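# Summary of structural features
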Amino acid sequence: MGVQVAQVENVVGERVLIAVQAVNISRLSTHPVPTVPGTLIVVAGAGPKDSNGAGKSSFIASITALLGDEQWRFASGAKAVSELLFNAELASGAGARQWASADHGYIVGVFAPAGMEDFTAATSVDAVAGADGELFEVTATSGGAVTVWLRVNQEAPHLEIRWREGVHLAAAASEAERVARADELWASLPRSAGRRDVVARDLTKVLYGDRVRCVSFLSTSVRSKVATNLLSQPLNEISPERVFEAIAALTGLDAELEQEREARRDEHAKRVRAALAGERLAEFEAESKALLATFDRRDQARVRLAGALRCWRGRQARRLADAAGKDEALAAELARHQAASEAAAEAIAMVKAEIGTLKEDTLDRSVTEARRELAALQARAGKLDADRAVAENSADELRAMIPALEEARRFADGRDVPTAERELKEVGLRLNEALKALGVADRETASAQAALDDAEGGPAAAQLNALSAAGVGATGLLDALDVAEQARDHASTRGDRVGSGGGPAGDLRLDDLRGWPGEHAVIVDASQLEAAAAALAKLPGSVLVSAAGVSVVGAFDGVATGREARIKAAEQRLNRALDIQETAAQAVRDEEEAVAQAQRRLEGARAGVRLEELERRLGERRARLSELTAALEELVPRVAEAERQAGALDFRARTRDMEIERLEGRRHRHEAERARAREQEAKVGAERDALKLAALAADWGGTVETAGEWVRALPEEERGRTADEWWRAAERLLDQALRDTFPQEDDEVPEELRFLLQERGGSTAREQATFAAVCGSLASYLRAQEEYEKHQRRQIEAQVVSRQRDLAAADKGAEEAAQSTAVHRAALTAAIRARLTRVAEEFEKLDSSYGGYGATLEFPVPPAPADPEQRWQWRVTPKWRRGEGQGYVPYNRRANTALMDEKAVKLVCAAAIASSGGGHLCLVLDELGRNLGKEHRREAVALFRRIGETYGITVIGALQDDMEPYAIDACGQYIKLRRSSDAMPYNEPPVIVGHDQHADRVRALAAYVDRTTDNA
């Protein structure tokens, strides 16, 4: 079974677009184009004369279709996408005879997680063009890259979508082979919706989960309806209405506004149709109203007369059924009273016999003797139990002390107390000796460390110490120099030595002062030069610097050798001292462990002595406890038996007294019941005689059973009516039927009916006696009029029904249209306000983050237009602050061009960010920077890049020749589409320059492009 579309949603997920391939799309080359997500990508062109004709607009338009830009109207089938297919006549005028237009093509996109780096390039063209079309080897397909294929058809369905995990692009040595390879790959891809493919209306839901992934400004060459481009002219020359249209296009609101206008058109047309139908119906109804009113009254009279007869019948049935039910209940009640009287007499006799039997029983002496014996046994058992509790507590205390003593005794390892004490003393003496050795090692280590620090104290440390000891004041040459900041920076970046041919002689680095003679040089006063030389006689290689010149003491070789030897000797001494110190510390730790173990052994030996004494005492307690337990066990059965006998006798005595008292009360109750039963027998018999069942059955005209069945067949709401309620309902319905039949006093009433009406007045009994006759006479008159009324009504009703049907349909359509329009307008108003509020918030953030003082949008809600053909026009007024703490200034106030360009870029990016919903978004712009001044182009384009990288937006912009020098330095990726001649239908391989943190992916795509280009 195929997978249904509803079960697949958000295939791409959080992945981002990393490569695009177009096959038979405009004149674009079939080479895959890598894209760097989250930065500014500029698309330039090199056509036969200038940048025009290279396919820039078609390239970025194909990306918007791949990313689900709603301006393509996917819900309506996205027919406009098919206009991107290769057209031989448009691609090459003369070549139209040699090349055929494409009836289908492909837009292929590779999506990968933002942090995915496990791409491995294919090693050969054959591997690239393998059976599965895998361009990269991806180590893990779950959650890795996915390739989406859009097949663009000239005929419906204009879009079909398939996808597969991994990277699958059409690879071959030439353009024609890549086109053929694309068809093979498409056939090998699984169908996305089971037995069929996903089509345009499900593209955004299936691929992106209905989340906006792309917003765009495209030119007229690829789409007929073009929104205002905020970057195509100075912002202050664009009206507030056109500013809103541009933001609506970027945020997807323009399609909803068009739907609102279509709803208003439909509502107006349906209201006109409903008004015409209402007028026609009103005219006809006015003509037939009086006649139908008379017919309706007589029909109502017939209904009410039938209801009156039915209610009269219900009164008779209810009277008979109620009387029969009451008689049945009385008969049952009479039988119950008779049975109760007989049962009470029998019960009285039985109770008297039981009372006599119970009063002869004697238990008092047996109860007294049993209680005396029980008290004696309980006293003896209590004393034994108390003595046993004392013994048990003493034994429990002794047992609780045993586990701890046994645990401690195991540490003695079989030693007695004197032996353990002697071993502890010996181990303590050894620990003292180890501590003394550790102290000696610590002092030696400290001394060796100090010697090493002195040897490594600096290049001139030995010289300065010797001069200080001789009383000669001196300073190190390196310590006296202060290098300027620019010299430090220069020294950190250059790699040339002083005197090399790489730069001027003045480029002295700090590292040039290191080494001899600078590192051993000291500065002294000229008057103390001889004293200083004498003091440094033992440090050959020392350099003295004074006003009299530079003097070297001894030879250089001796200096370097002597210092290194001193440092090496100090290090060896320190290493030996550290080894001795570690050995001494380990010995201290070992002896401390030995002392602890000896202490545990001594405590274990002492615990063994205490344990022996405790076990002896415990044995004595156990013997006493055994004696007490045996005595108590012997006594317990006797106590239990005495308790049982005493309890049984006491219970029998209490039960006897209670039973006698209960039987006396029962006898009195039975006598009262017998008297009441005899009284009720007489009362029930009189009530049955008063019912007169035979007379009621004659009035009903049937048996009691038929009357009950008639009542049970009634609806639930009528089944509980009483006879009086049935009569009142029948009387009321008859009066209404008479008024409906003869509404006026001067109406011609039949003679028979007039006589009966005169006779029935005066009392309820006379009304009930003449009820059936009056109903019969009225029914006869109504039957005589019925056929004529039916014929007239059929003719009128046929016309009314037809006209009402037309009016109902028209009214319903108008009402539904009005409700739909109101609901849609309310929802659209909330959506527009929410979306514009989001854009205003992002506009504020971007302006504050990139050099501004804050910006916002003003967008009052306009009333809906009365004209159904007029578009609901909103106005958006951008505002910004021109200084810290100042108020917002509208955008159409006078301002410099650079400020306008900057705010336009920020407003476009804010609208794009507001459309993204927090996910990755692609902003596609045609004619990027066409209106920007030359002095502001680089800054505006750089702002696009910074905003894109900050908010994770991929900004793709097509630009003309004059923008290329400014954009190429500021963008994150540069793509140049090339076509050198009008005779060439297809482009040459594109030039791509960019920066991407996923180097493996870039190398793989670059190698693929190079191979296919060389083999072409």
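What you are looking at is a predicted structure, and each value in this text was computed from that prediction instead of being measured. (Residues numbered from 1 in each chain as written. Predicted model: local features only at pLDDT ≥ 70, side-chain atom pairs only at ≥ 80, totals over all residues. Heavy atoms only, no water.)

### What about the overall build of the protein chain?
- Scanning the protein chain from terminus to terminus reveals 23 helices and 21 strands.
- Considering only intrachain contacts with a sequence separation of at least 6, the fraction spanning at least 24 residues in the protein chain is 76%.
- Put simply, the protein chain shows about 53,200 Å² of open surface, and 51% of that area lies on carbon and sulfur atoms. (Helix = DSSP H or I, 4+ residues; strand = E, 2+ residues; numbered from the N terminus. Contact = heavy atoms within 4.5 Å. Areas by Shrake-Rupley, 256 points an atom, 1.4 Å probe, with all protein chains shown as cover.)

### Thoughts on the packing of aromatic side chains
- One pass over the structure, following the stated rule, counts nine aromatic pairs.
- Aromatic pair Y106 and W186: ring centres 5.8 Å apart, planes at 45 degrees, arrangement tilted. Pair noted here: Y106 is in strand β4 (residues 104–112) and W186 is in helix α4 (residues 175–188), with a separation of 80 residues, a long-range link. Exposure class is identical for Y106 and W186. Each is buried.
- Ring geometry for F742 against Y781: centres 5.3 Å apart, planes inclined by 35 degrees, an arrangement best described as tilted. Of this pair, F742 sits in the loop between α17 (723–741) and α18 (751–760) while Y781 sits in helix α19 (residues 764–849), and the two are 39 residues apart along the sequence. Residues F742 and Y781 agree in their burial class; the two are buried.
- An aromatic cluster is present here, built from Y106, W149 and W186 joined pairwise through their rings.
- Here R721 stacks its cationic end above the ring of W726, 4.9 Å away from the centre of that ring.
- Positioned above the aromatic ring of Y888 is the side chain of R881, whose terminal nitrogen or guanidinium carbon lies 4.2 Å from the ring centre. (Phe/Tyr/Trp six-rings, centres within 6.5 Å; stacked < 30°, edge-to-face > 60°. Buried < 20%, exposed > 50% of the residue type's maximum accessible area, 1.4 Å probe, protein only. Lys NZ or Arg CZ within 6 Å of the ring centre and 35° of its normal.)

### As for the packing of helix α6 (residues 240–251) against α19
- One can describe the packing of α6 onto α19 by two numbers: an axis separation of 11 Å at closest approach and a directional angle of 95 degrees. Between α6 and α19, the interaxial angle falls into the category roughly perpendicular. Judged by residue contacts, F244, I247 and T251 of α6 engage I832, R835, L836 and V839 from α19.
- The class makeup of the residues in the contact of α6 with α19 is five nonpolar, one polar and one charged. (Axes fitted to C-alpha atoms, helices over the stretch in contact; angles between N-to-C directions. Parallel < 35°, antiparallel > 145°, perpendicular 65-115°, else oblique. Nonpolar A, V, L, I, M, F, W, Y, C, P; charged D, E, K, R; others polar.)

### Digging into the packing of α18 against α19
- Viewed as axis vectors pointing N to C, α18 and α19 meet at an angle of 165 degrees, and their least axial separation amounts to 9 Å. It follows from the interaxial angle that α18 and α19 lie roughly antiparallel. For α18 against α19, the interelement crossing comes out left-handed. Only R766, E767, T770, A773, V774, S777 and L778 of α19 make contact with α18, whose side of the interface consists of E752, L753, L756, L757, E759 and R760.
- The class makeup of the residues in the contact of α18 with α19 is six nonpolar, two polar and five charged. (Left-handed = near helix turned anticlockwise from the far one by under 90°.)

### Some remarks on the state of the cysteines
- The tally for this structure, following the rule as stated, stands at zero disulfides.
- Free cysteine C214: the closest other cysteine sulfur is in C922, separated by 5.0 Å.
- Classification of C214 by relative accessible area gives buried; the value is 3%. (Disulfide = S-S within 2.5 Å.)

### Considerations on the pairing of strand β3 (residues 40–46)
- A large share of β3 lies buried, amounting to six of its seven residues.
- Of the strand pairs in this sheet, β3 and strand β19 (residues 953–958) are connected by four bridges, and their pairing is parallel. The residue of β19 that forms the bridge with V42 is G957.
- Sheet topology note: the β3/strand β20 (residues 973–978) ladder contains six bridges and is parallel. Within β20, the position partnered with A46 by the bridge is R978. (Pairing = 2+ DSSP bridges.)

### Some remarks on unusual backbone geometry
- A cis geometry characterises the amide bond from A156 onward to P157, with omega recorded as -5 degrees.
- When you line up the elements, P157 lands in the loop between β7 (146–153) and β8 (159–165).
- Phi is positive for R73, close to 60 degrees, though the residue is something other than glycine.
- By secondary structure assignment, the location of R73 is in the loop between α1 (56–66) and α2 (88–91).
- One non-glycine residue, A78, lies in the positive phi region at around 55 degrees.
- For A78, the position within the fold is in the loop between α1 and α2.
- Assessed through its relative accessible area of 1%, A78 is described here as buried.

### Side note on helix α10 (residues 461–469)
- Taken as a whole, α10 has its buried residues at A461, Q463 and L467. Projected down its long axis, α10 shows its buried positions confined to an angular sector of 165 degrees, all on one face.
- Turning to α10, the residues buried within the fold contact β12 (521–523), α13 (529–535) and β13 (542–546). (Arc of directions from axis to C-beta.)

### Re the environment of R264
- Along the chain, R264 falls in helix α7 (residues 254–358).
- The spatial distance from the C-alpha of R264 to the C-alpha of D867 is 8.5 Å, given a sequence separation of 603 residues.
- Every residue in contact with R264, bar those within four places of it in the chain, is listed here: T821, R825, P865, D867, P868, Q870, R871 and W872.

### Details of the side chain of N987
- Here N987 is to be found in the loop between β20 and β21 (988–994).
- Not counting the four nearest positions on each side in its chain, N987 is found in contact with R27, L28, S29, A54, E175, L977, R978 and R979.

### A few points about the environment of A404
- In this structure, A404 sits in helix α8 (residues 364–409).
- Among the residues examined, A404 registers a relative accessible area of 53% and is labelled exposed.
- For the pair A404 and A607, spaced 203 residues apart in sequence, the C-alpha separation works out to 8.7 Å.

### Some words on the sheet that holds strand β11 (residues 475–476)
- Pairing within the open sheet is mixed, and its four strands lie in the order β11-β12-β13-β14. In the strand order of this sheet, the two ends are held by β11 and β14 (549–553), each with one partner.
- In terms of strand pairing, β11 meets β12 through two bridges, oriented antiparallel. Note that in β12 the partner of G476 across the bridge is V522.
- Most of the contacts of α10 go to β12, to which it runs at about 40 degrees, and overall it touches β11, β12 and β13.

### Things to note about the sheet that holds β7
- Spatially, the six strands line up as an open sheet ordered β2-β1-β4-β7-β8-β9, and their pairing is antiparallel. Whereas interior strands pair on both sides, the edge strands pair on one side only; in this sheet they are β2 (33–34) and β9 (198–199).
- The pairing of strand β1 (residues 16–23) with β2 spans two bridges and is antiparallel. When the bridges of β2 are listed, V20 appears paired with V33.
- Against the sheet, α1 touches β1, β2, β4 and β7, its axis set at about 65 degrees to β4.

### What to know about the confidence of the model for the protein chain
- On average, residues of the protein chain carry a pLDDT of 76, and 82% of them reach 70 or more.
- By mean pLDDT, the top-scoring element of the protein chain is β7 (94), and the lowest-scoring one is helix α3 (residues 125–128) (35).
- Under a pLDDT of 50 for its full length, residues 121–142 has, in the predicted model, 55 contacts with residues more than four places off or in other chains.
- Across residues 1011–1016, where pLDDT falls below 50, the model places 13 contacts with residues more than four positions away in sequence or in other chains. (pLDDT = per-residue confidence, 0-100.)

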